[in-house]
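Residue-level listing of the chains:
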Amino acid sequence: MAVTAVLAALIREKNQLKTISDPLVFKLLTDLKEQRRDAGKSKHSVGQQNLNTIMYETLKYLSKMPCSRQSPEIVKEFLGTMTHHKLTKAEKLQLLNHRPQTAVEIQLMVEESEERLSEEQIEELIQNVADVLPGDPEEKNVAAAADAEMDGGGEQS
């Protein structure tokens, strides 16, 4: 039954696949995993084992991505900050899913960004993404250690 709920979330009224964000996929699969654990379902069929493998591999991948730290509130705030940037839904989804940190990444995700966005707008976009979407905690620790090392090295000179 839970698989039906996931499929229903993915399908639109006219049987078209709906584009959904990585945070939503992560939440749906995490909820499905919990429901299956609570129901105590065991691995019966080959199809069930395949589904379990797909869920496991997808959750393993997504848990390493920024989406694992993005709540619905963060997604809503992000979409709010993106309203004045005049981006398509697909471009916003790309930014949300990949959390770009450089102008090159923005150029890969925003079609014709060179014509549509100035350098200042690209920098503002990168700053909005960094401010709203949580990054990798390990990246912050590495950056802080590098900053501390640079500060310490500068004092010795």
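Quick caveat, the model's predicted, so the values are computed rather than measured. (Residues numbered from 1 in each chain as written. Predicted model: local features only at pLDDT ≥ 70, side-chain atom pairs only at ≥ 80, totals over all residues. Heavy atoms only, no water.)

1. Describing helix α2 (residues 22–39)
- Between its first and last C-alpha, α2 extends 25 Å over 18 residues, near the 26 Å set by a 1.5 Å rise per residue.
- Regarding α2, the residues found buried are Asp22, Pro23, Phe26, Leu28, Leu29, Leu32 and Arg36.
- In the stretch just after α2, Gly40 is the one whose phi turns positive, near 70°. (Helix = DSSP H or I, 4+ residues; strand = E, 2+ residues; numbered from the N terminus. Expected span 1.5 Å × (residues − 1). Buried < 20%, exposed > 50% of the residue type's maximum accessible area, 1.4 Å probe, protein only.)

2. Things to note about the pattern of salt bridges
- In this structure the tally under the stated criterion is two salt bridges.
- Across the salt bridge formed by Glu91 and Arg116, the nearest N and O atoms sit 2.7 Å from each other. Of this pair, Glu91 sits in helix α5 (residues 89–98) while Arg116 sits in helix α7 (residues 113–116), placing them 25 residues apart in sequence.
- Among the residues examined, Arg116 registers a relative accessible area of 32% and is labelled partly exposed. (Salt bridge = Lys/Arg side-chain N within 4 Å of Asp/Glu carboxyl O.)

3. Side note on helix α8 (residues 119–132)
- With 14 residues, α8 ought to run about 20 Å at 1.5 Å a step, and its terminal C-alpha atoms sit 20 Å apart, in line with that.
- By the burial criterion, the buried members of α8 are Ile122, Leu125, Ile126, Asn128, Val129 and Val132. For α8, the arc enclosing every buried residue in end-on projection is 160°, short of the 170-degree limit, so these residues lie on one face. Turned more than 90 degrees away from the buried face of α8, the exposed residues are Glu119, Glu120 and Asp131.
- Elements in contact with the buried residues of α8: α4 (72–81), α5 and α6 (103–109). (Arc of directions from axis to C-beta. Contact = heavy atoms within 4.5 Å.)

4. Regarding a negative patch on the surface
- Residues Glu111, Glu112, Glu114 and Glu115 make up a contiguous surface patch of negative charge.
- Mapping Glu114 onto the fold places it in helix α7.
- For Glu114, a relative accessible area of 52% gives the class exposed. (Patch = residues over 30% accessible without salt bridge, like charges linked within 9 Å, V, L, I, M, F, W, Y side chains within 5 Å. Areas by Shrake-Rupley, 256 points an atom, 1.4 Å probe, with all protein chains shown as cover. Lys, Arg positive; Asp, Glu negative; His and termini not counted. Charge placed at Lys NZ, Arg CZ, Asp CG, Glu CD.)

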